[in-house]
Every structure is written in structure tokens, then in C-alpha cells.
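Report on the structure
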Amino acid sequence: MRRLLPPLVGLLFLLTWELVVRLRDVPVFVLPPPSAVATALWNDAPLLLQSSWITLIITVQAFLLALITGVGLAVLFKQSRALEAALYPYAVILQVTPIVAIAPLVVIWVGYERVNLALLILAWIVAFFPVLSNSTAGLSAVDPNLRDLFRLYGASRWQVLWRLALPSALPYILAGARISGGLALIGAVVAEFVAGSGTATGLAWRVIEAGNRLNMPRLFAALTLLSVLGILIFAVLTGIQRRLLRHWHPGGAG
Amino acid sequence: MAKQRDAGVSGDLLRLRGLGLTYANGTRALDNVDLAVGEGEFLSLLGPSGCGKSTILRLVAGLLAPTTGGVERVRPITRGDTGFVFQEPTLMPWARIIDNVRLPLDLAGVPRAEAQERAEDGLARVGLGDFLRAFPAELSGGMKMRAALARALVTAPRLLLLDEPFAALDEITRLKLNDDLLALWERERFTAIFVTHSVFESVYLSGRIAIMGPRPGRVVEQVTVELPWPRDLSVRTGTAYGALCRDVSDRLHRAMGALI
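Residues numbered from 1 in each chain as written. Chains lettered and ligands numbered in written order. Predicted model: local features only at pLDDT ≥ 70, side-chain atom pairs only at ≥ 80, totals over all residues.

**Focus: the interface of chain B and chain A**
Facing the 17 residues of chain B at the interface are 18 residues of chain A. Secondary structure elements with two or more residues in the side of chain B that touches chain A: β5 (82-85) and α3 (97-107) of chain B. For the side of chain B that touches chain A, the per-class residue count stands at 12 nonpolar, three polar and two charged. (Contact = placed C-beta atoms within 7 Å. Helix = DSSP H or I, 4+ residues; strand = E, 2+ residues; numbered from the N terminus. Nonpolar A, V, L, I, M, F, W, Y, C, P; charged D, E, K, R; others polar.)

**A short note on the UniProt feature "transmembrane region" (unreviewed entry) in chain A**
All names here are of chain A. Cross-referencing UniProt, the feature "transmembrane region" (unreviewed entry) maps to residues 47-75, 87-111, 117-139, 160-179, 185-207 and 219-240 in the present numbering. Secondary structure across residues 47-75 comprises 100% helix and 0% strand; the distance between its end C-alpha atoms is 42 Å. Annotated as residues 160-179, this span is 100% helix and 0% strand, and its ends, taken at the C-alpha atoms, are 27 Å apart. (UniProt positions renumbered as here; feature names shortened; annotations may be inferred.)

**Brief notes about the environment of Gly70(B)**
Its place among the elements puts Gly70(B) in strand β4 (residues 68-73). Using a count of 14 C-beta atoms within 10 Å as the deciding quantity, one classes Gly70(B) as partly exposed. (Buried ≥ 20, exposed ≤ 12 C-beta atoms within 10 Å, placed from the backbone.)

**Looking at the nonpolar core**
Core analysis: the biggest nonpolar cluster contains 137 residues, and Ala62(A), Leu119(A), Ala123(A), Ala127(A), Ala184(A) and Ala191(A) have the highest contact counts within it. Split by domain, the residues of this core number at least three in each of domain 1 (2-77 + 159-259) and domain 2 (90-157) of chain B. (Core = buried A, V, L, I, M, F, W, Y, C linked by C-beta atoms within 7 Å. Domains from an automatic or database assignment.)

**A short note on helix α4 (residues 112-125) of chain B**
Residue and element names in this part refer to chain B. With 14 residues, α4 ought to run about 20 Å at 1.5 Å a step, and its terminal C-alpha atoms sit 20 Å apart, in line with that. Looking only at α4, the buried set comprises Ala115, Ala119, Gly122 and Leu123. In a view along the axis of α4, the buried residues occupy a sector of 95°, so they form one face of it. Every exposed residue of α4 that faces more than 90 degrees away from the buried side is listed here: Ala113 and Glu114. Looking one or two residues past α4, Gly127 carries a phi angle of roughly 80°, positive in sign. (Expected span 1.5 Å × (residues − 1). Arc of directions from axis to C-beta.)

**Here's the deal with the pairing of strand β1 (residues 12-22) of chain B**
All names here are of chain B. The pairing of β1 with strand β2 (residues 28-38) spans seven bridges and is antiparallel. Bridge pairing in β2 places Leu21 opposite Leu30. Between β1 and β2, which pair antiparallel one after the other, the connecting turn spans five residues, and Gly26 there sits at a positive phi close to 95°. In this structure, β1 lies alongside β4, joined through five bridges in antiparallel fashion. Looking at β4, one finds that Leu14 is bridged to Arg73. (Pairing = 2+ DSSP bridges.)

**A short note on the pairing of strand β8 (residues 208-213) of chain B**
Residue and element names in this part refer to chain B. Taking burial as the measure, the six residues of β8 include six buried ones, the bulk of the element. Burial along β8 is two-sided: the face carrying Arg208, Ala210 and Met212 and the face carrying Ile209, Ile211 and Gly213 are both buried. Pairing geometry for strand β3 (residues 42-46) and β8, over four bridges, is parallel. Counterpart to Leu46 in the pairing with β8 is Ile211.

**Digging into the sheet that holds β4(B)**
Residue and element names in this part refer to chain B. The antiparallel open sheet is built from three strands, whose spatial order is β2-β1-β4. Each edge of the open sheet carries a strand with a single partner, namely β2 and β4. Between one strand axis and the next, the sheet turns by 10° as a mean value, whatever way the strands run. (Axes fitted to C-alpha atoms, helices over the stretch in contact; angles between N-to-C directions.)

**Regarding the domain arrangement of chain B**
Residues and elements named next belong to chain B. Domain boundaries in chain B define domain 1 (2-77 + 159-259) and domain 2 (90-157). Computed from C-alpha atoms alone, the centre-to-centre distance between domain 1 and domain 2 is 25 Å. Put simply, the parts of the chain that give the side of domain 1 that touches domain 2 at least two residues each are β6 (159-163) and α6 (171-188). Sort the elements by how many residues they give to the side of domain 1 that touches domain 2 and α6 lands first, with six residues. For the side of domain 1 that touches domain 2, the class distribution of residues is 10 nonpolar, one polar and two charged.

**Notes on the sheet that holds β8(B)**
Residue and element names in this part refer to chain B. Within the open sheet, the six strands sit side by side as β5-β6-β7-β3-β8-β9. Their pairing is mixed. Where the open sheet ends on each side, the last strands, each with one partner, are β5 and β9 (218-224). Strand-to-strand twist of the sheet, defined as the mean angle between neighbouring strand axes without regard to direction, takes the value 20°. Bridge count between β6 and strand β7 (residues 191-196): five bridges; the pairing is parallel. Its bridge partner being in β7, Leu160 is matched across the sheet by Ala192.

**Section: helix α2 (residues 53-61) of chain B**
All names here are of chain B. Burial runs high along α2: eight of the nine residues are buried. Taken as a whole, α2 has its buried residues at Lys53, Ser54, Thr55, Ile56, Leu57, Leu59, Val60 and Ala61. Trailing α2 by a residue or two, Gly62 shows a phi angle of about 80°, which is positive.

Next up, the structure:
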């Protein structure tokens, strides 16, 4: 019964929405009824799916890049305190500077003809920090007794990293990855809004374009697909997290 | 059999000389500890919490460096010659039991097939032969502690350091593990230094007990336990055991009172 509640609420919401729009004759350019959005989804499917694909590719690329660079930099920081002290503040600066403000710069630097690369860089900047900070915390969260045990048996630096520190950090890295996955999508969309020139053809551009043309059903259709992408990324990452951590706790859940 | 294990008969394995440790904040954890540990001996360090028992183990293991004095090893001790069992099982939660037990051998670069065989043997000896592929989270507290014992013994160490290993277990499991530990000791003849705050446990297990006083920790008194080997239920229920426990308990109270 519990599992049925969310879809039921959703259905009720859509029904109410449809009824209100119809009964009160709300103009379609203000609020299209769900049925119109569904029709737009169906009719514009080729266009929208292609845009979804582009946005998804940029998001996944940015996410993977964030994962590699975030964990990699955290490992480097762990090896050298001096390096961490020198670079961490800049990572923070990168994180706290609003992406919307840097986006035009990056687009200009990379060039409009390579706008997807600019989107990738921008999405990476947004997604990168949670992985870095979580991995850094995770690499320090090693059971001190296990660390002593590795020392007692004369483990090399590499063995400590590979067999102890990285596995110990896994729950932290995965938690960071889950946040970062959502941020990569947000980054990709925000970047496209700023860069939005017509050369970028992801979902965000479809939202802008449809808005400009007052094609509200298509705008809502694109929004729906963005939500679906976000949910998909979250679900996949949660699944991976559960699977990798299932042995850690008696219950099996991550 | 008991005689062979008495300190001095087969020689000392290590000697602690004037061992002292003062932390950077000025806290004196240990002060001038002198203690000889005979080869093949089962020695208990008995004392109240915070008296530096665990610190001694860490100094012996080389995990801490003393401020004064030192740990003199009569024979050079190499990697894998010292096993350590912590109060917690301290297993890697992401690794199967067999992989946990094989860890010391893997770290030493022992060939995989040989390491695997030795780890399997070790687990069979602590009664976990059927749980090789289990993960730590799937085992009870007592079983996890057995796995930790198997890991500590997998390198066939000459010295086994045990830091209140059974303190967190229930009474029944603890008694069983005491017997199992003694059986392993009888068979493998390692030297054991066992840290505990339980008078009963120390008397039952040891050939000798070093009683420690409160901070800064020091060895106040040493008691030889004149009980026959092998130890079993008949020892535990005998009058000699009871009398020894009372005696050691009195001495422990004096040791604490003298320095408070």
C-alpha cells in the first residue's frame, strides 16, 4: 500500500490540474493541461529525445570526469599535506563562484563552435567538488586499529592506499557521487541556458526555445524529460551504492 | 610442560627496560616499566583502565615509540613475527573472512595459492572452516573475534599481543574463547602477552601475571600462577583457582590503593 501512495498522489495531482485548466479555461500559453503536454511529448518525441540524449551524454561525461578528478585529487592530497594546503582553497573558490557567472567566460574561451565542450567543463566544475570533499573526508576515515595493523605487517604506501584507504573511503565517495550526479545535470542545464545560442541543442535549449515561442506544451514536455533524467541518474547511482555496500552492514542496505 | 614455559627456562623473548612514555601534552602514560617476557610464556598484564596496559602492547609492537627506555628483543623479530588482536575484531567490512585472514600474508607478498591455503587452515583451526566466504557483518561478535585470532596467527608469529580481546563479548562466549586461545597456545607455542582487567581471566589463562598500578602506569607486582596445564573446567572449579583469584584480587587492590 505504501508503495502505491506516491503514484496515487501524482495521478490525483495530474487529474486536478487537467480539471482546473479545463473548467477555468486557462490559456494554454499560461498553463497547458497534462493532456497537451503528453501530446507534445508524443509529437515532438524525435526532437526531444535527441536533445535528451545530448544532455544525458554531457551530464554523464561531466559526472565521470568529476568522479575521476575528484577521487584522484583527494588521493594526491592524502599523499601530500602541502599539496592539499596549496590547492584546496582554489577548489573551494571554484565551488563557491556561481556557475552562471563563469559560464559566458568559459563559452567564449572554448568557442561557440565547441559549445558542448564548454557545457562539459561547466557541468564538471559544478559536479566536481562534492566528490573531492567527500573523498578527502573518506580517505581520512580509516579505522585507526586497521591502520596500525597495516603498519605492523609492514604494508607499503601503495598497499595502504589500495587495500585500506580507498575501500574505507568507498561509502563517502559513493555518497559524494550521488550528490555529484544530480549536480552534473543541473550544471549541464544551467550552462546551456547561459550559452544558449542555438548551437547547443540539449534539453535546456528546447526549454528556452519553446518559451520564446510560447509553445508551453513542449516546454513542459522538455521539463518532464529533465525530471526523468534526474530521477534516472539518482536511481542508478543509488542502485550502485546499494550494490557495492551491501556487505558492509548486517541488513545489507547501504 | 608447564616448566618449559616458565620465564628463564627457554630464555627471554624480550625485555622491557625502564620503559616510559610521556605524551606531548605532558600526560605520563607509563613510567619506568621493567619486565622480562620469556619465550613461549603466557603473560597477562592486569590493571585498571587507563593504567597503560594497552600502551605497553603498542610499544612492544613498535606502533608507538617510548620516551625513555626501550624494548629489547633478545632475538631479532621480523615482519610477521608479531600478531596483534585488538579489543574490537577490526576486520575489513568490505572483505570476506578468508580475505581478511589472508591479509598479513598478502601484504608480505606470499604467493597467492600458499597464502590461501594457510588462511584456510587458520580459519579451520578457530572453527570457522565453514565461513570462509562470509562477510564480517554476517558473523556474531564471537565469530568475528575468532577470525581476528586466525588473522593474527596466520603468519605463525612468535609473539602474540592481545589487547583485552574478549572484553566486549558475553560471558559464555568469552569462556569458550579463553579455552580456544589456550588450546591454540598449547599447540603453536607462541609467546602471549594478554592485556585484561579481569582477575579471573588473567589467572585462568596465564603462567604469570604482571599487576599494574594506575597512571603513570608501572608494574607493581608479578605473580606466578601455579596451576596445572592444560587448563579446563576442573581448574576453573578447583579450590586452588579460587584462592589464587582472591590473592591476585587483593594484590590488585593494594596496587591501586598504593598509588591513588
